[in-house]
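Examining the three-dimensional arrangement
Single-letter residue listing:
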Amino acid sequence: MEFDAIVVGAGFSGLYMLHKLRDGVGLSVRVLEAGDGVGGTWYWNRYPGARCDSESHYYSYSFSKELEQEWEWSERYPEQPEIMRYLNHVADRFDLRRDIQFKSRVTEASYDEAANRWNIRTDSGERLTAKFFIPAVGCLSAANIPRIAGLGSFQGTWYHTGEWPHEGVDFTGKRVGLIGTGSTGIQATPVIAALAAHLTVFQRTPNYSIPARNAPLSPEFQKYVKENYAEIRRKTRESTNGHPFEIADRSALAIAPEERQALYEDAWQHGGLRFRATFKDIMVNKEANDTAADFIRSKICQIVKDPAVAAKLMPLDHPFATKRPPIDSDYFETFNRENVLLVDLRESPIEAITPAGVRTGNAEYPLDIIVFATGFDAMTGPMLRMDIRGKNGLLLKNAWAAGPRTYLGLQVAGFPNMFTVTGPGSPSVLCNMPVAIEQHVDWIADCIGYIRERGLHSIETTPEAAERWVSHVNDAANATLLPMAGSSWYLGANVPGKPRVFMPYAGGMATYRNICEAVAAKGYEGFVLR
Ligand code: NAP
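Residues numbered from 1 in each chain as written. Predicted model: local features only at pLDDT ≥ 70, side-chain atom pairs only at ≥ 80, totals over all residues. Heavy atoms only, no water.

1. Side note on the nonpolar core
For clarity, the threshold we go by: Nonpolar cores are built from buried Ala, Val, Leu, Ile, Met, Phe, Trp, Tyr and Cys residues. Side-chain atoms within 4.5 Å join them into one set. Remark: exposure states derive from per-residue accessible area (1.4 Å probe, protein chains only) relative to the maximum for the residue type, with buried under 20%, exposed over 50%, and partly exposed in between. Counting from the N terminus, the helices are DSSP H or I runs at least four residues long and the strands are E runs at least two residues long. As annotated, the domain borders come from an automatic or database domain assignment. Contact criterion: two residues are considered in contact whenever any of their non-hydrogen atoms come within 4.5 Å of each other.
If you look at the biggest cluster of nonpolar residues, it comprises 129 residues, and the most contacted ones within it are Phe275, Phe320 and Trp443. In terms of residue count, helix α14 (residues 433-453) provides more of this core than any other element does, 11 residues in total. Looking at which domains feed residues into this core, each of domain 1 (2-142 + 377-529) and domain 2 (175-219 + 247-372) supplies at least three. Discounting chain neighbours no more than four positions away, the residues touching phenylalanine 275 are Ile210, Tyr264, Ala267, Trp268, Ile282, Ala292, Phe295, Ile296 and Phe320. Counting residues in each nonpolar core, the second largest holds 21 residues, with Ala109, Tyr111, Ile388 and Phe415 among its members.

This is the structure:
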């Protein structure tokens with residue numbers, strides 16, 4: 001089957017890409033999606049407590065004023081089922097389903113230079129071709145299941161949070177072990193603790209977390225949002241991280257300690273990711289960051305009643321927010337429950353999974369269920385799990401052997417007419433995702449429209465432009481404290497053997513948007529159009 005464009009994935013990015021290319025540019029488009037429904041990341045991440053950490057009124061599409069006005073969000077942070085309802089509504093409202101092929105996992109994609117076509121193959125052996133190939137596969141969709149000896153011998157059941165069973169998991173009366181204390185583990189812990197007979201949390205790295213303060217949205221707030229959407233969207237577009245609030249223009253070091261404390265307290269009570277925006281230097285000055293880290297550690301001490309447990313929960317090895325900062329609902333409070341045990345894997349690592357449970361160096365923990373909240377092979381994993389070949393059979397895996405190399409996180413040299421949505425080298429995960437996605441999709445659709453209008457054949461970035469961009473991405477990361485978290489997935493450090501390269505662009509979404517617009521205005525500088 002032949003199409004103008006093939007898009008992989010029917011999440012936030014694939015759905016909007018389809019809408020733009022089909023209804024905007026007028027292309028024939030086919031979306032190939034592994035799941036049997038839309039939703040992407042949210043389709044797979046159905047674990048207990050799954051909820052977005054951006055607020056609902058701006059974790060949403062801005063491209064349709066009608067959609068904005070007709071959709072009603074119920075809570076400050078949307079829960080996974082509500083996001084699924086929203087994306088299903090979008091798929092129906094814009095009549096997207098007829099061009100989405102579900103249960104179709106792309107296994108291979110190769111560029112035929114003579115024909116200027118991408119040849120795509122799915123897991124059912126089906127073959128499709130298209131001029132443009134757009135993997136919109138998400139940044140966090142390839143589950144990272146650690147290779148722990150003995151997993152196959154476990155007599156209970158185990159799950160990865162990112163591949164959660166659709167029918168759910170019944171925790172009633174069960175002894176559950178949860179491995180991992182990133183955003184996912186921190187969200188799942190309180191919910192599982194309330195459902196299970198007993199929960200053991202296996203923690204390797206203690207994490208900072210800020211209370212989310214989730215709550216139902218009041219009718220007044222819902223009305224306010226609808227009346228002020230234009231302004232809210234303007235702010236999100238012009239901000240560093242795609243949020244409609246500003247980073248305060250004051251230094252954490254230039255005010256009296258009592259005043260600083262009061263501002264942190266205020267931000268803690270308000271809750272959410274804007275805690276990080278309390279001072280302008282939290283992400284760039286270690287001393288300023290220490291003030292935020294100290295404040296959060298003092299809160300952990302206050303909340304957790306057992307001082308020995310509180311000490312284990314203290315994040316000490318990385319500055320605040322240099323790993324993606326989680327937000328939570330009663331995470332630290334959960335360690336005051338009688339049925340919850342914290343196991344510090346730094347004291348004694350996991351040695352094996354046994355038929356009965358998890359064995360560390362100094363104890364065995366009998367379990368009925370193990371939950372892996374161990375994250376993802378982020379950003380490059382979803383791309384590299386497909387066999388993608390560019391010109392002369394160049395394998396993407398080889399092109400990225402030393403880490404991902406892209407121009408603007410949009411294109412890879414040697415892979416003409418392939419565009420990545422929120423790929424490595426773009427702000428992506430450092431931004432509220434729908435904001436980053438809409439910018440990418442709009443840019444790609446404009447670019448393809450430009451190519452069509454001029455009857456052009458192909459677009460491909462030059463290796464020089466990609467090299468310059470990779471070095472700029474490094475410089476942008478090094479201007480912040482972000483690389484100080486040595487084990488972060490931003491660096492690929494959570495997957496054994498993965499090259500350590502800081503993958504997202506840390507220069508800020510607004511700056512990035514301006515760069516992309518300037519590149520297009522100069523006739524796609526850094527790209528060769530044929
Ligand atoms: P993550 O941040 O990578 O955390 C994985 C956790 O598993 C870490 O605590 C890690 O410990 C631990 N771990 C990994 N391998 C292990 C092993 N072999 N033994 C013991 N512990 C191990 O993954 P995540 O929590 O799924 O979050 C990933 C990203 O998804 C987030 O950063 C965020 O961007 C996104 N997310 C967002 C939301 C939201 O919107 N609310 C919710 C969930 C996730 P180390 O730190 O020691 O490596």
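What follows continues from the structure just given.
2. Some thoughts on the sheet that holds strand β8 (residues 175-179)
For clarity, the threshold we go by: The criterion for strand pairing is that DSSP finds at least two bridges linking the strands in question. Angles run from 0 to 180 degrees between N-to-C directions of axes, and those axes are lines fitted to C-alpha atoms, restricted for helices to the stretch in contact.
Across the sheet, five strands lie side by side as β7-β16-β8-β9-β12; this open sheet has parallel pairing. Unpaired on one side and paired on the other, β7 (157-160) and β12 (340-344) mark the two borders of the sheet. Neighbouring strand axes in the sheet, compared pairwise and without regard to direction, differ in orientation by 20° on average. One ladder, built from four bridges, connects β8 with strand β16 (residues 369-372); its direction is parallel. Pairing of glycine 177 across the sheet is with isoleucine 370, part of β16.

3. A closer look at unusual backbone geometry
Its identity as a non-glycine residue notwithstanding, asparagine 116 has a phi of 55°, on the positive side. As for its position among the elements, asparagine 116 is in the loop between β4 (106-112) and β5 (117-122). Under the relative-accessibility criterion, asparagine 116 is labelled buried at 4%. With phi around 30°, serine 428 is a residue other than glycine that occupies positive phi space. Note that serine 428 resides in the loop between α13 (396-399) and α14.

4. Thoughts on the packing of helix α1 (residues 12-25) against α14
For clarity, the cut-off: With respect to orientation, any angle under 35 degrees is reported as roughly parallel, any angle over 145 as roughly antiparallel, any angle of 65 to 115 as roughly perpendicular, and every other angle as oblique. We call a crossing left-handed when the near helix sits turned anticlockwise from the far one by less than a right angle, and right-handed when that turn is clockwise. When residues are grouped by polarity, Ala, Val, Leu, Ile, Met, Phe, Trp, Tyr, Cys and Pro land in nonpolar, Asp, Glu, Lys and Arg in charged, and all others, Gly among them, in polar.
For the pair α1 and α14, interaxial distance at closest approach is 9 Å and the crossing angle is 30°. Put simply, α1 runs roughly parallel to α14. As α1 packs across α14, the resulting crossing turns out to be right-handed. Packed against α1, whose contacting residues are Phe12, Ser13, Tyr16, Met17, Lys20, Leu21 and Val25, the element α14 presents Pro434, Ile437, Glu438, Val441, Asp442, Ile444, Ala445, Ile448, Gly449 and Arg452 at the interface. Within the contact of α1 with α14, the residues separate by chemical class into 11 nonpolar, two polar and four charged.

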